[in-house]
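Residue-level listing of the chains:
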Amino acid sequence: MAFLQHPLWLVGFRPFFLLGCAAGAALPLIWALAFSGHDFLPSPPVSSLTWHAHEMFFGFGWAILGGFLLTSTKNWVNVRGHHGAGLAFLAAAWLFERLGMAWGGAWPQALFLLSNFLFLGSIIFMLLWTLIRYRAQDSYADNAFFFVLLPAFVIAKYLILFGDFKAGTDMALALFRLAFLVMLERTLTQFMKGVFQVNILRTRALDMPIKLLGLALLATPLLPQFTLALLSFLLAALLLIRFVFWQPLLAARRIDIGIMYIGYLAIVAQLLLVGTATFIDLQLVGTVATHIFTFGAMGCIIPAMIVRIANGHTGRKVVFTALDKSVLYLMLAALLIRTIIPQLAPEKYLATIHAAATCWLIGFSLIAWRYAPYLLRQRIDGREH
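Residues numbered from 1 in each chain as written. Predicted model: local features only at pLDDT ≥ 70, side-chain atom pairs only at ≥ 80, totals over all residues. Heavy atoms only, no water.

Looking only at helices and strands, one finds 14 helices and zero strands in the protein. In sequence order, the protein lays out its α and β elements as α-α-α-α-α-α-α-α-α-α-α-α-α-α. By the compact-globule yardstick of 21 Å for 385 residues, the protein fits well, its C-alpha radius of gyration being 20 Å. For the protein, the spread of C-alpha atoms along the principal axes amounts to about 60 × 55 × 40 Å. (Helix = DSSP H or I, 4+ residues; strand = E, 2+ residues; numbered from the N terminus. Rg over C-alpha atoms; globule rule 2.2 N^0.38 Å.)

Put into structure tokens, the structure is as follows:
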């Protein structure tokens, strides 16, 4: 079919970065309107808060994570990645899930369950099949973490929708945190080498305990409060030690690299807030620990990664234009607006939610407008994918 031969279906980042940009632009705005009492979702199967958490993690988050992993796993094991009909099926399943989360309250339970687990179950199976089948030629030994991390997303999703909402959101955040920890090691090493011609510290003595602690914290809902605090503080300390040796002052010279370091520090801040809350009632306005991760790590790192991958994997030189950089500054503004300003002016809390959502709307709309032509066309260097 000519449809399946379209460049959109050549590799995973193409459709899913577009879907992720659409979700990043629309979902926070829909939540801001719902939080203001203007909930216009047709027939949601869950409360507006549950919808918001689920859609940011499993709508926006998994569009980007899925696109990244579908692209990266083929490179890690040096095979042709999922494309064509398989990729189109995944995109359709993602859209089906969005419909289910908006209209599923009026659907038969079986249809809603199908809509909600078809995409996640399918993409996890496809990713694990690639990693397991070609394990012998895998260039990263620590990809074994994905054998635990990926299936665990199904548990977190189930908990958010049908079980303990807080346990599910805590677990989902911990899963994304571990995914970021694994990927930041690899990407920042490459970026600092490529941009500044420097080698940042990579040692198993630090890298492996960091990932093992991230893995242990997947059990956050089951951990005693003191144990959770201890593990959170320990992971934050190891991340800070490594940060010192990753030449942050050099990285700060360029916003496209520096923003990823800010995302790294957002992970540290989230861990410190979780640990501190065990001993001190911080009395913060809003769920700061959660949003410093979603706005700081996800919101800041993801646009920078989209720009790099959309350029590099379509045969172009990785260059951040003035428009690209403006988006990164806009996402930094969203982080400050959503997490800091409410602490200084609590009476402006509702306004900050709307302002931060507007930043995401503009930022991801600009990224989509800028890179959709790249993602919808063939590579410019003559390579197929």
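Back to the text.
Where helix 1 (residues 13-35) meets helix 2 (residues 48-77), the axes come as close as 8 Å, and the angle between the chain directions of the two elements is 165 degrees. As far as their axial angle goes, helix 2 and helix 1 are roughly antiparallel. Helix-helix and strand crossings are classified by hand; for helix 1 and helix 2 the assignment is left-handed. Class assignment of the residues belonging to the contact of helix 1 with helix 2 gives a composition of 18 nonpolar, seven polar and one charged. (Axes fitted to C-alpha atoms, helices over the stretch in contact; angles between N-to-C directions. Parallel < 35°, antiparallel > 145°, perpendicular 65-115°, else oblique. Left-handed = near helix turned anticlockwise from the far one by under 90°. Nonpolar A, V, L, I, M, F, W, Y, C, P; charged D, E, K, R; others polar.)

Because the α-helix completes a turn every 3.6 residues, residues three or four places apart line up on one side. With 20 residues, helix 8 (residues 225-244) ought to run about 28 Å at 1.5 Å a step, and its terminal C-alpha atoms sit 29 Å apart, in line with that. When helix 8 is considered as a whole, its buried residues turn out to be L228, A229, L231, S232, L235, A236, L238, L239, R242 and F243. Against the buried residues of helix 8 lie helix 6 (165-196), helix 7 (204-216), helix 9 (248-251) and helix 10 (255-277). (Expected span 1.5 Å × (residues − 1). Buried < 20%, exposed > 50% of the residue type's maximum accessible area, 1.4 Å probe, protein only. Contact = heavy atoms within 4.5 Å.)

Glancing now at the pattern of salt bridges. Counted by the stated rule, this structure contains 17 salt bridges. A salt bridge links R98 to E55, with the nearest nitrogen and oxygen atoms 2.7 Å apart. Taken together, the residues span a long stretch of sequence, with R98 in helix 3 (residues 85-103) and E55 in helix 2 at a distance of 43 residues. Look at E55 and you get buried, because its relative accessible area is 2%. Here R370 ties to D324 by a salt bridge, and the two come within 3.2 Å at their closest N and O atoms. Remark: D324 occurs in helix 12 (residues 322-339) and R370 occurs in helix 14 (residues 349-375); sequence separation between them is 46 residues. Accessibility classification places R370 together with D324 in one group, the buried group. (Salt bridge = Lys/Arg side-chain N within 4 Å of Asp/Glu carboxyl O.)

What follows concerns the packing of helix 3 against helix 4 (residues 109-133). Two numbers describe a pair of packed helices, the interaxial angle and the distance between the axes. Running from N to C, helix 3 and helix 4 cross one another at 145 degrees; their axes reach a closest spacing of 8 Å. In this structure, helix 3 meets helix 4 at a crossing whose hand is left-handed. On helix 4, the residues touching G86, F89, L90, A93, W94, F96, E97, G100 and M101 of helix 3 are L111, F112, L114, S115, N116, L118, F119, S122, I123 and M126. Of the residues that constitute the contact of helix 3 with helix 4, the class distribution is 13 nonpolar, five polar and one charged.

Below, the discussion takes up the nonpolar core. Nonpolar side chains tend toward joint burial in soluble globular proteins. Of all hydrophobic cores here, the largest spans 135 residues; its most connected members are F16, F60, W62 and F153. Ranked by residues supplied to this core, first place goes to helix 6 with 17 residues. In this view, F153 contacts F58, W62, L65, L120, I124, A172, L175 and F176; residues no more than four positions away in its chain are not counted. (Core = buried A, V, L, I, M, F, W, Y, C linked by side-chain atoms within 4.5 Å.)

Right, let's talk about the environment of L161 for a bit. Residue position: L161 is located in helix 5 (residues 145-162). Remark: the alpha-carbon pair of L161 and N116, spanning 45 residues in sequence, is separated by 9.6 Å. Sequence-distant contacts of L161, defined by excluding residues within four places in its chain, comprise V46, T50, H54, M101 and N116.

On to the state of the cysteines, then. Applying the stated criterion across every chain, the model contains zero disulfides. No disulfide involves C21; its nearest neighbouring cysteine sulfur is the one of C300, lying 15 Å away. Note on C21: relative accessible area 4%, which makes it buried. There is no disulfide at C359, and the cysteine sulfur nearest it, in C300, is 11 Å away. (Disulfide = S-S within 2.5 Å.)

This part takes up the packing of aromatic side chains. For the structure on display, the rule yields 27 aromatic pairs. Aromatic pair W31 and F35: ring centres 5.5 Å apart, planes at 50 degrees, arrangement tilted. Of the two residues, W31 and F35 are both situated in helix 1; the distance of four residues between them amounts to about one turn of the helix. Given the relative accessible area of 11%, W31 is considered buried. With relative accessibility at 38%, the residue F35 sits in the partly exposed group. Taken together, the ring pairs in this structure connect F16, F57, F58, W62, F119, F153 and F176 into an aromatic cluster. Looking at R98, its charged tip hangs above the ring of W94, at a distance of 4.8 Å from the centre. Sitting above the plane of the F191 ring, R308 keeps its charged end 4.2 Å from the centroid. (Phe/Tyr/Trp six-rings, centres within 6.5 Å; stacked < 30°, edge-to-face > 60°. Lys NZ or Arg CZ within 6 Å of the ring centre and 35° of its normal.)

Right, let's talk about a nonpolar patch on the surface for a bit. A cluster of nonpolar side chains, namely F226, L230, F233, L240, L265, L272, F279, I280, L282 and L284, defines an oily patch on the protein surface of about 860 Å² accessible area. Broken down by element, the nonpolar patch gets its largest block of residues, four residues, from helix 8. Its location among the elements puts L282 in the loop between helix 10 and helix 11 (288-312). (Patch = residues over 30% accessible without salt bridge, like charges linked within 9 Å, V, L, I, M, F, W, Y side chains within 5 Å. Areas by Shrake-Rupley, 256 points an atom, 1.4 Å probe, with all protein chains shown as cover.)

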